[in-house]
Each structure stands twice: as structure tokens, then as C-alpha cells.
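Spelled out from the first residue to the last, the chains are:
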Amino acid sequence: MSEENKFNFSRRNLLKGLAGLPIVGAVWWAGARASGKARKEKQFILEELNIKAVPPPPSGSMAGDPIKIGIIGFGIRGEQLCRALGFATNEWLDEMKKANEANPKDQRLNDFLNQENLNVKLTAICDIFDHRAEVALHSFNSNENTITRYRTHEELLEKSGVDAVVIAAPDHWHAPIAMDALQAGKHVYVEKPMTHNIAETYGLKEIAEAAPGILAVGHQHRQTQSFLTAQDVIKKNILGHVSLILTNTNRNDDNGAWQYHIHETASPQTINWERFIGNAPMVPFNKEHFFRWRKWWAYGSGLSGDLMTHEFDRINCILEMGIPNSVTASGGIYTHRDGRNVPDVLQLNMEYDDFTTGISQEPGKEKGMTFVYSATLGNQYNRPLVLMGHDGSMELGNSVTIYADPRSTKYADLIEAGKIDPKVPMYQYDPQASEGGVDVVTSATAKYFADKGLLWTYRDGKRVDSTFLHLREWLSCVRNGGKPSCGIQEGFEEAISAHMGGLAYKLGRRIHWDKDKQEIVPIEGVNFDEVLLANQEKVDVV
Amino acid sequence: MNDNYLTKAQLNVLVLMRMLIGWHFLYEGVVKLYNPTWTAKGYLLSSEGILKSLFAKLATEPLVGFVDGLNIAILLLVGLFLILGIMQKRAAILGAILLLLYYLSHPAFPGLAQGPAEGSYWIVNKNLIEMSALLVLYYFPTGHYFGVYRLFNKKESPQTV
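Parameters and conventions
- Residues numbered from 1 in each chain as written.
- Chains lettered and ligands numbered in written order.
- Predicted model: local features only at pLDDT ≥ 70, side-chain atom pairs only at ≥ 80, totals over all residues.
- Helix = DSSP H or I, 4+ residues; strand = E, 2+ residues; numbered from the N terminus.
- Buried ≥ 20, exposed ≤ 12 C-beta atoms within 10 Å, placed from the backbone.
- Contact = placed C-beta atoms within 7 Å.
- Pairing = 2+ DSSP bridges.
- Right-handed = clockwise from strand over helix to strand, strands pointing away.
- Domains from an automatic or database assignment.
- Nonpolar A, V, L, I, M, F, W, Y, C, P; charged D, E, K, R; others polar.
- Axes fitted to C-alpha atoms, helices over the stretch in contact; angles between N-to-C directions.
- Left-handed = near helix turned anticlockwise from the far one by under 90°.

*Asks:* Would you explain the overall build of chain B in this entry?
*Replies:* Per the secondary structure count, chain B includes six helices and zero strands. Along chain B, from the amino end to the carboxyl end, the secondary structure elements read α-α-α-α-α-α. C-alpha extents for chain B along the principal axes are approximately 50 × 35 × 25 Å. A total of 161 residues make up chain B; the buried ones form 35% of that total. Contacts spanning at least 24 positions in sequence make up 73% of the contacts within chain B whose residues lie at least 6 apart.

And the structure:
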């Protein structure tokens, strides 16, 4: 081929040969502009909202002599708490090993083995059921740890020489044991609800405030990273005046309805029945009462004490709204009519007449809030926890998702200008996601992946459980000083609110709180503690 | 060239298809290039089907950074080459392989989650269709008729029948 035949730069050929160039230019410009615009808008919203998404500061050092701990109550929750302290039963370890062999993705065993050593010794156990105590004894006696069984908590407090106790007994034993332990100079981690009646709530408060021991209440949700972000959202008034908070419990299985396994060795010979009954009305030995105590007011606190308290404390740690002015309740036993006397469907409406999270309209227009707790043990449709403000709504769980309200005063201009779309979240924080966890979700696809939790990673390659962090925080206060995030004041507010809920349900009446007198407003002819402890679903008062 | 045996109308629609697919690839590449937070991680991790574990491996650090970069580079190159009409056969086959991988990561088989999609699919989806269109482009290059290669062509225009 000769040189002059190689090229042909006729006008027609130039046009058809290079027509792609302007197309490339146009597509490139459009793509770069679209990405840049999305990035700028995202940046703008993030700067506008200026939400500080930070993980909580780690609790202090675990160095020093090991802390000697006694566990009081070694049932389902007691075992979980011991694992968080670094002590798993042989049975659990075997079960997890098998689970991992059957499914290599089941990493619960590895997570436990990789858990940080909290530098504690589990030296004492008190459980009134022989089988449970024996499981603990044969699992936790090793070269590094010696554990002794005590038949009563008094004996444990007197003889074991422990520094601290973890209380995971039935609800009606929480306060009596916690008070005895604090008075014996021990540090106390007590499960929720902190107390089972009103008198002991005041009693424990008085003792805890005077005692040198550190008391922490087991609301491990306080350790959830997203909650600090939520606190900043409220502080910066991103949502405007929050008038309604919706919290929920949705369960639909036997375990969730407290139908726990009844152990085959249970008998009057293996269980100290009198001890179980404690301050509850004496009834003949009853295995179901022992293993499924959450189903009766005499030992448990129903949905209001057992599960509402978690939701209450989650919101109280963000808003610090404290005890409601009044509570009303409705519900019944609608799914599990098996002899229980605590409701399995419950709605509590807690009124905060004077409370505000902040305003964005003219002064005086916005004030007051209702906290709704809505629960069923007959359906597990996943309703999110939502804080609903005039300017925005915040869904709160492990992640924080905020939507602007279409009728917001604060964001009216930005919505009008198309910079904020009320249909897509204007902010999302997922503490486990990459890129610092903060995002403005700009597309349905991004939301799809975020919602599936696929972008999650684990801190330092480990999955950390909030119960572990909560116990660690308590132990850090014991070692290094400081105040636990859920201490006696928070526990007091949780317990009183729960008892107001229980009373409202059982009496079918509105229960009021007198803020000045710091007491539940008396109702003539009604002894509140008698009502709470009465082992019946409702109490008729003339 | 094969295009000697094609009618002008046939050549024109082949060019149109080449331009549209090139446009689609280039735009996808540029959007990702200018978005520093974009990553295929979520897409790879939500993979369904027999190659699920392979795609999940590609989503692990530090491999996912390389996968992201390679994905953007291929999208840009395929887009550029198809629009400009250079190295069309290589671009088409490269693009077809990329789309086959997209398809295999989320195959439109019954019983598998489809993720965000704007239509309804049974076995055949748009990735598969675009891939087959690229195979057509592989066998029917048109760069000499409409594209940079035309400038290297000694004839005024290719013969058509």
C-alpha cells in the first residue's frame, strides 16, 4: 500500500471518522457533572446538618489485680452475662463448636474466644437450682479460676470475699439482693428492671447513693454507637420539636413469649422453692412458675417491666426526659392464654406535657410529647423505633436514618430548592459501615445495600456485643472511678416509669407523677405496691 | 471488510447500536470515576447463585479497591473505543466479558433475589441482552464505515451492496 493511499482526510471522512469525539466529550461532561453535583449536594447537606457521628470513648484500662465477681442467678441471662465476662459453660462451647462445624459462617465461638480479657475471676455462684449451679462449677473451675457455690446470696456476700456481684435473678429478687450487696460494700451490676415494686425503688436509690459500691443497671443498649450520634442530632435540633415517639416490641415465638424450657431434673429436691418465692405469695412447688416466672406479676413485670424498660432507657439516654407526667395503658392476653397473668399485647402512652426537644416555629407554639410503647407477643412485623419531629423523623436502631418532613419549617427552603428530598433519607449513620459510616443516601440502590447491612464491617475485625461493652464500662468505673452510663438515677427513672405502666394496666386508670414531690400521685384507697404485686391480671378498685 | 456485504441501512443500525452501547459504558464509567465514595462492594456482597462466594471474595479488602479500579477502567475503555470506532472487536469482547460477570453475580434465575431492578426478568435480563449485542458488534465491526478507522481507509467510502 502506498503512503498516499493510507490516509483519506476528505471532509466526508473527517466527519464520519471523528463524529464520536463530540459524543465522548458530551457524555464525559454529563457524567462528571452528575457525579460532582451529587457529591456537592451530599457535602452541603452534611455541612448543613453538622451531625457529629463518633463512636463512644472506650472505657478505661482493665489492668491491675483481677476483680473477684459472684454471679447470682445463673439462668439464661446469667449465662449470657458470664460469657460477656469471659466465662462460657462447657455445654455452650460444645454447642458452638458443632454449630461452627455445621455452618462455618457461625462465628459465635470465635467471637467469644477473641473477646478481650476483662481481667476478672468468677469466684462465686449462687443459684437455687442444683443443675445450674453444677454446670457453673464444672465449667468454671480451672487452673486459672476457682469457683464456689453458695446456697443463698447472703451467704455469698458474707463468705465469698467477692468485690462485685452480677444479679440475674428473677425480677422480684433484683432489689433485695442489690440492696444487701451494696450494704455489704460490693459493686453491683443488676439486670433490668431495676426493681419490682415502688417501695424498693426508693429503698435501693437511698442505699445506692450512700454506698461506696458502683451500681450499674443492665441496659446494654446504652453502648450502641448510634445513640451518641442520635444525642447530637437532638442537641443540634435537626428534628425540630418531637411530639411523638413510637417504640415497639414485636415477637412471635415461644421463647419471645417467655415459654422457656423446663429442665427435666427440676423437683422440690433440686430447687429451693421457698427461696424462689421470696417476698411473693407462697404457692405449692410449680415448675412452670420457676422456669417461666416472667409470665406472672408475682415474680416478673410483664411487658412494661421486662421489655418497655429497654425502649424507655434507649430514649431516656438520648432525650433525658425522665419520668412521664402520666401514663395510660391498654392491652390484654390475646395470643398466649396459657394461664399467665401478664399481658401479651400492651400499649403504654406516656405523656410529657412540658417537654420539648427544641423548636423551629414561633415560641410558645410547640410543647409536649407522647412516648408510645406498643408491644405484641403475637406478631414479629419489624416496626422501627421512630422519633417524629416537626422538621424531621429519625429511625433509630443500630443505625440512624433521618428524613426531612415535607412540611418542615426549618428545611422549607432547601426542600423547595430541591436540595433535600423528603422521600430519601437526608442522613444515615451506620457505625459499622465503611467510609466513617456517614452517608446521605442518594439513591434507591444505595439504600437497598445499606438496609441489607451489606456494607457492615466489624470493629478491629471482631463483632463486639453490647452486653460486653456495658459490663466493661461498669468494671472500668470499679477500677478507675467514674459513673456508669446507666446508674441509680437512670435506673430509678426506668423503674418508676415501668411501675406506672404496670399500675395503669392493672388498674385501668391514668397514673400521674408528681415531679415536685417525686412520687406517684396517690389514689385514695389504693396501695400501689399491693396492686403491682397482686398475682392477677387486673385489680378492681372501687 | 465484512461491511462490504452489508446494506447502508444495516451498517447504520450497527453504528447506532455501537454508539448507544458505547454511550452507556462511558457514562457509567465517568459517573463512577468522579464519585470517590463509589464501590462495587455492596453489589458484590449481594451476589446470588453458584458464584456467590467468588464475588464475595472480590469484595474483601484490599482486593475490592483493585476490582473497583478495573471495573471503571474497562467501562471507560469500552465506552471510548465503541464511540470512537477503534479496536471495536477487542472492546466488544471485553465489554461482553464484563457484562457476563455482572450477569453471573446476579443471575436472573427463579428463586434468587434480584436486588434493585426496574423490570421483571426470568433467566434473561438486560445485562444478558446487552452482552449479546456486544457479541454482534464483535462480529460486525463498523469502525471503517463510521469511526476513526475511516481516516485510514484509502477509499472514499466502503462498498455496500
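*Asks:* Sorry if this is basic, but what is going on with the overall build of chain A here?
*Replies:* Helix and strand counts for chain A come out as 20 helices and 17 strands. Taking the principal axes of the C-alpha coordinates as reference, chain A spans close to 110 × 60 × 45 Å. The proportion of buried residues among the 542 residues of chain A is 43%. The long-range fraction of contacts in chain A, counting pairs at least 24 apart against all pairs at least 6 apart in sequence, stands at 72%.

*Asks:* How should I be thinking about the pairing of strand 4 (residues 164-167) of chain A in this particular structure?
*Replies:* A regular strand places its side chains on the two faces of the sheet in alternate fashion. Residue and element names in this part refer to chain A. Here strand 4 shows no split at all, with Ala164 and Val166 on one side and Val165 and Ile167 on the other all buried. Examined bridge by bridge, strand 1 (residues 67-72) and strand 4 share four bridges and lie parallel to one another. If you follow Ile69 over to strand 4, its bridge partner there is Ala164. Here four bridges tie strand 4 to strand 5 (residues 187-190), and the two strands are oriented parallel to one another. Opposite Val165, over in strand 5, you have Val188 as the bridge partner. Note that the unit made of strand 4, helix 9 (residues 171-183) and strand 5 has a crossover that is right-handed.

*Asks:* Sorry if this is basic, but what is going on with the environment of Ile69(A) here?
*Replies:* Residue and element names in this part refer to chain A. Residue placement: Ile69 occurs in strand 1. Taking the number of C-beta atoms within 10 Å as the measure of exposure, Ile69 has 29 and is therefore buried. Apart from the residues within four sequence positions on either side, Ile69 is in contact with Leu85, Val120, Lys121, Leu122, Thr123, Val162, Ala164, Val165 and Val166.

*Asks:* Looking at this model, I keep getting lost on the domain arrangement of chain A. Mind explaining?
*Replies:* Interfaces are frequently sized by the accessible area removed from exposure as the parts join. Residues and elements named next belong to chain A. Domain assignment breaks chain A into domain 1 (67-222 + 469-486) and domain 2 (224-464 + 495-533). If you average the C-alpha positions of domain 1 and of domain 2, the two centres end up 24 Å apart. Residue-level contacts link 29 residues of domain 1 with 37 residues of domain 2. Put simply, the parts of the chain that give the side of domain 1 that touches domain 2 at least two residues each are helix 6 (108-114), helix 7 (130-140), helix 9 and helix 10 (198-210). At four residues, helix 9 tops the list of elements feeding residues into the side of domain 1 that touches domain 2. For the side of domain 1 that touches domain 2, the per-class residue count stands at 12 nonpolar, 11 polar and six charged.

*Asks:* Hey, could you run me through unusual backbone geometry in this one?
*Replies:* Excluding glycine, most residues fall at negative phi; most peptide bonds, likewise, are trans. The peptide bond linking Lys192(A) to Pro193(A) adopts the cis configuration, its omega dihedral lying at -10 degrees. Tracing the backbone through its elements, the reader meets Pro193(A) in the loop between strand 5 and helix 10. Put simply, Glu61(B) and Pro62(B) share a cis peptide bond, and its omega is -5 degrees. The backbone of Asn119(A) sits at a positive phi, close to 60 degrees, despite the residue not being glycine. Checked against the element boundaries, Asn119(A) lands in the loop between helix 6 and strand 2 (120-126).

*Asks:* Quick question: what am I supposed to make of the packing of helix 3 (residues 20-49) of chain A against helix 1 (residues 8-33) of chain B here?
*Replies:* Packed helices, taken two at a time, are described by the angle their axes make and the gap between the axes. At a minimum axis separation of 8 Å, helix 3 of chain A and helix 1 of chain B run at an interaxial angle of 35 degrees. Helix 3 of chain A and helix 1 of chain B meet at a crossing whose hand is right-handed. Residue-level inspection shows Ile23(A), Val24(A), Val27(A), Trp28(A), Ala30(A), Gly31(A), Ala32(A), Ala34(A) and Ser35(A) of helix 3 of chain A in contact with helix 1 of chain B, the latter providing Met19(B), Trp23(B), Leu26(B), Tyr27(B), Val30(B) and Val31(B). In terms of residue class, the contact of helix 3 of chain A with helix 1 of chain B is made up of 13 nonpolar, two polar and no charged.

*Asks:* Would you take a moment to explain the pairing of strand 13 (residues 400-404) of chain A for this structure?
*Replies:* Residue and element names in this part refer to chain A. Across the five residues of strand 13, five count as buried, placing the element largely inside the fold. Burial along strand 13 is two-sided: the face carrying Val400, Ile402 and Ala404 and the face carrying Thr401 and Tyr403 are both buried. Pairing geometry for strand 12 (residues 392-396) and strand 13, over five bridges, is antiparallel. Bridging from a neighbouring strand, Leu396 pairs with Val400 of strand 13. Between the end of strand 12 and the start of strand 13, which pair antiparallel, lie three residues.

*Asks:* Can you help me understand the sheet that holds strand 3 (residues 148-150) of chain A in this one?
*Replies:* Within a sheet, adjacent strands bond to each other through the backbone by hydrogen bonds, running parallel or antiparallel. Residues and elements named next belong to chain A. Taken in spatial order, the six strands of this open sheet run 3-2-1-4-5-6, and their pairing is parallel. Looking along the sheet, the strands with just one partner apiece sit at the ends: strand 3 and strand 6 (215-217). Averaged over all adjacent pairs, the angle separating strand axes in this sheet is 25 degrees, with direction ignored.

*Asks:* Even after reading the chapter, I still don't get the environment of Lys89(B), so can you show me in this structure?
*Replies:* Residues and elements named next belong to chain B. Position of Lys89 among the secondary structure elements: in helix 5 (residues 88-105). Note on Lys89: 14 C-beta atoms within 10 Å, which makes it partly exposed. Excluding residues that lie within four positions of it along the chain, Lys89 makes contacts with Tyr138 and Pro141.

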